[in-house]
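Given next are the chains, with one letter for each unit.
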Amino acid sequence: MKRSLYYILISLLLTPAAFSQGLSESRAFADSLFEEGEIQQALMVYQRIAYFSRPSTDPFVLLRIADCFDIQGDMEKALEFYDHSYFSLHNDSLKTEALFKKAFCYLRSRNYDFALIELLSVDEQANPLMEDKRNLYLGMAWFGLGDFERAEAFFLTIPDNEEDQNKVKALFDNRKLLYRPNPRVASWLSVFIPGAGQFYTGQPLAGINSLLLTGSLVTFGFILAYVTTPIDALITALPWFQRYYQGGFQRAAGFARIKRAENRNEAFNQLLGILESN
Amino acid sequence: MTRSEKSGIKTLLFLAILLLTAQASKSQNLYDLDHSKQFARYLMLTRQYQLAIGEWERVLFLDPADSTAQISLVRSYRLAGNPQSAWIKLNQWNPYGPLTGESATEALRLTLQLNDFQLFKSTLDRSVNLSESQRSDFLIGAYLIEGNWIKAKKTVDPSGLIAPGTNKALQDLLLSTREIPYKSPGGAVALSALIPGLGKVYSNDWKDGLFSLVFVGTNAWQSYRGFSQNGPRSITGWIFGVLAAGFYTANLFGSWKSAKEYNDQQIHRIRHEAESLLYTH
């Protein structure tokens, strides 16, 4: 009886061990590939492990698959697997980590609204160690959405010294960096004085071009009105004038948007530089 | 039961369990042939065709004679956007002989994806055991993808390509091409020569046509007024005349181009739809 029990026990132990040996070896291999930066290969092995260990897939494997897709730039798949890992994980801290990675994915792909949805679902009380990270990501999301007041409030919670806090405040107080040039102002300037909008946005050559072109057409129109009749001038010169005049103020607004985005990028980089040390 | 009989049963039981364990041990290898095939199929299902290629290559390394794996590899290459490599692989296994079943359908899809319609015809000739409806599907597909239908439909009745059982969506697509008019570039130029901008209106680009009419018309009118007031020495007459001539010439070229673009857009639209019905899966 004792001997038979011994035999049964050994064979029962052998069976799962035999099966899991393939998985654990593969897991070790995949982890080493990931550490070495062989992401494509690691992804293959992790997916193989995930596929053959269903339905009891290790949530860490799903998290790693998500990380691999993220590194490769496949945001859609990365988000999908961050979701899978989030719902498979049982540890709160790890679930939050998956949530942060998902939010960061959204931030990098400029889906700030979706990033906010993820971040606002993080329980602040349960994860005090993650507070700085949460506030940083929330600040980034609000900054991306153009709500600088809210962004400033979150960014100010990160530095623990007054000097850095003052630097952050000074950055947000710098209206020139965050709000200018204003596309509407640029557009209206060019409506009243063709080319003025382009000067305002720091494009003097484009401004001179616009001014000369529309100015020439207006001059031409007046000459034509003098030589022939005003109606002739209107019919002949107006289509040309309308085309270049409208194009001028639309381009001025376009330049302003681009320049303002560049300024905001610069402001954001400065902000990260201040917060990095914290 | 005696003691020895009991002992014998226990030994047999133990051996049976060991055998089961051995079976389980065999299944531990995630990289063996069976597991590799399963995983390769999973990769194809999840549209990771580039990864599936690597997996099917390994399967074939383990079992070179597996014809299903051969076709799956070819399909993976095709769906990964590499029809040239798919064709090379297919020809490695069967360069000249008859093509049957999945080999035939994959080969025909590849020739269409490669835009090689001569090769399509020769491959169709090599394809045996294709059903009438399958043959019809591919012929219709080739007809639509090649793009000559837009000119040819006056002389060719494409409905003759339809056979019983032909894919309904392909049939509808084929018949819908009858409603698509061919815009003659020469005709567009002739119309614009008569009335500036009319050629563009003919090509469904009425806004551009209107602009052409306004620009050519107003400049021509100003030129006429200049010459009628001051005779051949009128400077405004000459300036506007040159401008009008320039716009008129540009309008002729623009009309030709817009008719061509209209035809190209229709060809591409029909082609895209035919491709999605024939070989994006």
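Procedures and definitions
- Residues numbered from 1 in each chain as written.
- Chains lettered and ligands numbered in written order.
- Predicted model: local features only at pLDDT ≥ 70, side-chain atom pairs only at ≥ 80, totals over all residues.
- Heavy atoms only, no water.
- 1 Å grid on protein atoms, 1.4 Å probe; cavity = no way out; pocket = protein on both sides within 12 Å on 5 of 7 lines; lining within 4 Å.
- Points joined across faces, edges and corners; volume = space filled by probe spheres on them.
- Helix = DSSP H or I, 4+ residues; strand = E, 2+ residues; numbered from the N terminus.
- Nonpolar A, V, L, I, M, F, W, Y, C, P; charged D, E, K, R; others polar.
- Domains from an automatic or database assignment.
- Patch = residues over 30% accessible without salt bridge, like charges linked within 9 Å, V, L, I, M, F, W, Y side chains within 5 Å.
- Areas by Shrake-Rupley, 256 points an atom, 1.4 Å probe, with all protein chains shown as cover.
- Salt bridge = Lys/Arg side-chain N within 4 Å of Asp/Glu carboxyl O.
- Lys, Arg positive; Asp, Glu negative; His and termini not counted.
- Charge placed at Lys NZ, Arg CZ, Asp CG, Glu CD.
- Expected span 1.5 Å × (residues − 1).
- Buried < 20%, exposed > 50% of the residue type's maximum accessible area, 1.4 Å probe, protein only.
- Contact = heavy atoms within 4.5 Å.

Caption draft 1: Spotlight on the layout of surface pockets. What the largest pocket holds in volume is close to 420 Å³. Lining the largest pocket are 17 residues, with Arg110(A), Tyr112(A), Phe143(A), Gly144(A) and Asn265(A) sitting closest to its centre. Those elements that provide at least two residues to the lining of the largest pocket are helix 5 (92–108), helix 7 (131–145) and helix 14 (230–276) of chain A. A breakdown of the residues in the lining of the largest pocket according to their chemical character gives eight nonpolar, four polar and five charged. If you count residues domain by domain, the lining of the largest pocket takes at least three from each of domain 2 (91–158) and domain 3 (183–275) of chain A. In this structure, the second largest pocket occupies an estimated 270 Å³ of space. Broken down by secondary-structure element, the contributors of at least two residues to the lining of the second largest pocket are helix 14 of chain A together with helix 13 (206–230) and helix 14 (235–278) of chain B. Looking at the lining of the second largest pocket, the element that brings in the most residues is helix 13 of chain B, giving five residues. Partitioning the lining of the second largest pocket into residue classes produces six nonpolar, two polar and three charged.

Caption draft 2: How the structure looks around a positive patch on the surface. Together, Arg175(A), Lys176(A), Arg180(A) and Lys259(A) make up a region of like positive charge exposed at the surface. Residue position: Lys176(A) is located in helix 10 (residues 175–179).

Caption draft 3: Molecular detail of helix 13 of chain B. Its 25 residues give helix 13 of chain B an end-to-end C-alpha distance of 36 Å, which sits within 8% of 36 Å, the value for a rise of 1.5 Å per residue. Every buried residue of helix 13 of chain B is listed here: Gly209(B), Ser212(B), Phe215(B), Val216(B), Thr218(B), Asn219(B), Gln222(B), Ser223(B), Arg225(B) and Gly226(B). Buried positions along helix 13 of chain B lie against helix 14 of chain A together with helix 12 (198–202) and helix 14 of chain B. A positive phi of about 75° marks Gly231(B), the residue just after helix 13 of chain B.

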